Amino acid sequence: HIQDPASQRLTWNKPPKSVLVIKKIRDASLLQPFKELCVYLTEENNMIVYVEKKVLEDPAIANDENFGPVKKKFCTFREDYDDISNQIDFIICLGGDGTLLYASSLFQGSVPPVMAFHLGSLGFLTPFNFENFQSQVTQVIEGNAALVLRSRLKVKVVKEHREKTTVQNGIEENGVVSASLEKEVGKQIMQYQVLNEVVVDRGPSSYLSNVDVFLNGHLITTVQGDGVIVSTPTGSTAYAAAAGASMIHPNVPAIMITPICPHSLSFRPIVVPAGVELKIMLSPDARNTAWVSFDGRKRQEICHGDSISITTSCYPLPSICFRDPVSDWFESLAECLHWNVRKKQNNFAVEEEE
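Quick caveat, the model's predicted, so the values are computed rather than measured.

Cut-offs used in this document
- Residues numbered from 1 in each chain as written.
- Predicted model: local features only at pLDDT ≥ 70, side-chain atom pairs only at ≥ 80, totals over all residues.
- Heavy atoms only, no water.
- pLDDT = per-residue confidence, 0-100.
- Contact = heavy atoms within 4.5 Å.
- Phe/Tyr/Trp six-rings, centres within 6.5 Å; stacked < 30°, edge-to-face > 60°.
- Domains from an automatic or database assignment.
- Buried area = accessible area lost by both parts, 1.4 Å probe.
- Salt bridge = Lys/Arg side-chain N within 4 Å of Asp/Glu carboxyl O.
- Helix = DSSP H or I, 4+ residues; strand = E, 2+ residues; numbered from the N terminus.
- Nonpolar A, V, L, I, M, F, W, Y, C, P; charged D, E, K, R; others polar.
- Core = buried A, V, L, I, M, F, W, Y, C linked by side-chain atoms within 4.5 Å.
- Buried < 20%, exposed > 50% of the residue type's maximum accessible area, 1.4 Å probe, protein only.
- Patch = residues over 30% accessible without salt bridge, like charges linked within 9 Å, V, L, I, M, F, W, Y side chains within 5 Å.
- Areas by Shrake-Rupley, 256 points an atom, 1.4 Å probe, with all protein chains shown as cover.
- Pairing = 2+ DSSP bridges.
- Right-handed = clockwise from strand over helix to strand, strands pointing away.

S.K.: Just to check I follow, could you spell out the confidence of the model for the protein chain for this structure?
M.R.: Detailed reading of the predicted coordinates is not advisable wherever pLDDT falls low. Put simply, the protein chain has an average pLDDT of 89, and 92% of its residues get 70 or more. Note that residues 171-183 has pLDDT below 50 and, in this model, 23 contacts with residues that lie over four places away or in other chains.

Structure follows, in structure tokens:
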């Protein structure tokens, strides 16, 4: 039995009590919607509202005396310091697509349902308009909404941890002439949950990147070009589409591999099944290092011996739909990317028969 995407619905086992409100930082146009939403959630629905500490440090909010009583009810947290993963029932994002990516980064395990309002620049992933936010938020609280489960990538970066030795005049403490200033002292392992894409690129080097791509342990190709994008279906309409890839509906279980400016006429983007394990490493004869970023964040250098392992995460991001998964996606393609938008061809005029 193949599941119909429209059958995915939001249902609550018990009424939601806590909500995380994520607001785009340093955007004055969002202050009024943010205040209206928070007042509605706290006073009309008696919700516990979580807000990031740096949002409340905005002078326009900090100096607003009328907002003071509402602000005192907030629960605050700091990214990378406080764990709120088990305290949130659902999330409301105010901003552009970046706020949804940021919400994803806050939850490295299970993600609460996300309701995203379009108050940014592109808005491909944010289907809700803020004009009628009261009725729309009420519908979500009552559990009357469609869902799309946006798959994420589980990424593991393994680095050969090197440590510089104390060298004086080219001689180590034991009197032996030093051939290298670095020694391997073990491995450093980092893990990330990625909603859009993992990008491996050549960084500041003027040389082509040269990285090997393995699939389930088998070398499938070597990328010679500016780099490679490994994306989810959600990320297929972002950097991957800009690099010439196809656009994949978020309900399709897949991982997309897209080269960036490959030095080969036949290197086309490919789609592989969700669940396979990809591994990316510098080629042994690579002239330079590579750089990697995860949804545009945590950018870092990849050296010889380091590896990036990528597979489908078992923790998707449940995104609340405005209508349903199919309608929302095609509407975003037309509205945001102007997919197949053109003037209609005129029909032939029918001549009247004499």
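S.K.: When you look at the packing of aromatic side chains in this model, what are you seeing that I'm missing?
M.R.: Each aromatic ring pair is specified by the distance between its two centres and by the angle formed by the two planes. Under the defined criterion, the tally for this structure stands at 12 aromatic pairs. By the ring-pair criterion, three or more aromatic residues cluster together here, those being Tyr40, Phe117, Phe128, Phe130, Phe133 and Phe322.

S.K.: Looking at this structure, I do not really get the domain arrangement of the protein chain. What am I missing?
M.R.: One frequent convention defines the size of an interface as the accessible area lost when the parts assemble. Assigned domains of the protein chain: these are domain 1 (9-151 + 316-337) and domain 2 (153-161 + 185-312). One C-alpha centre belongs to domain 1, the other to domain 2; they are set 30 Å apart. Between domain 1 and domain 2, a total of about 1,600 Å² is buried, with carbon and sulfur atoms accounting for 57% of that surface. It is Leu101, Ser151 and Trp329 that lose the most area in domain 1 upon contact with domain 2, and together they represent 37% of the buried surface on that side. The interface formed by domain 1 and domain 2 holds 1 salt bridge in total. Looking at the side of domain 1 that touches domain 2, the elements with two or more residues in it are helix H5 (97-106), strand S7 (145-150) and helix H8 (325-337). Across the side of domain 1 that touches domain 2, the residue classes tally to 14 nonpolar, 4 polar and 3 charged.

S.K.: Help me understand the side chain of Ser309, please; the structure alone is not making it clear to me.
M.R.: When you line up the elements, Ser309 lands in strand S19 (residues 307-312). When residues no more than four places from it in sequence are discounted, the contact partners of Ser309 are Lys154, Val155, Lys156, Glu277, Leu278 and Lys279.

S.K.: In this structure, what is going on with the nonpolar core? I would like to understand it.
M.R.: Looking at soluble globular proteins, one finds that nonpolar side chains tend to be buried together. Of all hydrophobic cores here, the largest spans 32 residues; its most connected members are Phe34, Leu37, Leu41, Phe74, Ile92, Phe117 and Val137. Listed by contribution, the elements that provide at least two residues to this core are strand S2 (18-23), helix H1 (31-44), strand S3 (48-52), helix H2 (53-56), strand S5 (90-95), strand S6 (114-118), helix H6 (133-141) and S7. A per-element tally of this core places H1 first, with 6 residues. Contacts of Phe74, omitting those with residues within four sequence positions, involve Phe34, Cys38, Thr42, Val49, Val51, Leu56 and Phe67. In terms of nonpolar packing, the next biggest core, distinct from the first, is built from 29 residues, Val198, Val213, Ile257 and Val276 among them.

S.K.: Is there a simple way to think about a nonpolar patch on the surface in this case?
M.R.: A cluster of nonpolar side chains, namely Leu122, Val326, Phe330, Leu337 and Trp339, defines an oily patch on the protein surface of about 430 Å² accessible area. Relative to the helices and strands, Leu122 is located in the loop between S6 and H6.

S.K.: Looking at this structure, I do not really get the pairing of S2. What am I missing?
M.R.: Walk down a regular strand and you will see the side chains alternate between the two sheet faces. Of all 6 residues that make up S2, 6 are buried, and the element is covered over most of its length. Burial along S2 is two-sided: Ser18, Leu20 and Ile22 facing one way and Val19, Val21 and Lys23 facing the other are all buried. With 4 bridges joining them, S2 and S3 adopt parallel strand pairing. Note that in S3 the partner of Leu20 across the bridge is Tyr50. On the question of chirality, the crossover connecting S2 to the parallel S3 by way of H1 is right-handed. Bridge analysis of S2 against S5 gives 5 bridges, and the strand direction is parallel. Bridging from a neighbouring strand, Leu20 pairs with Ile91 of S5.

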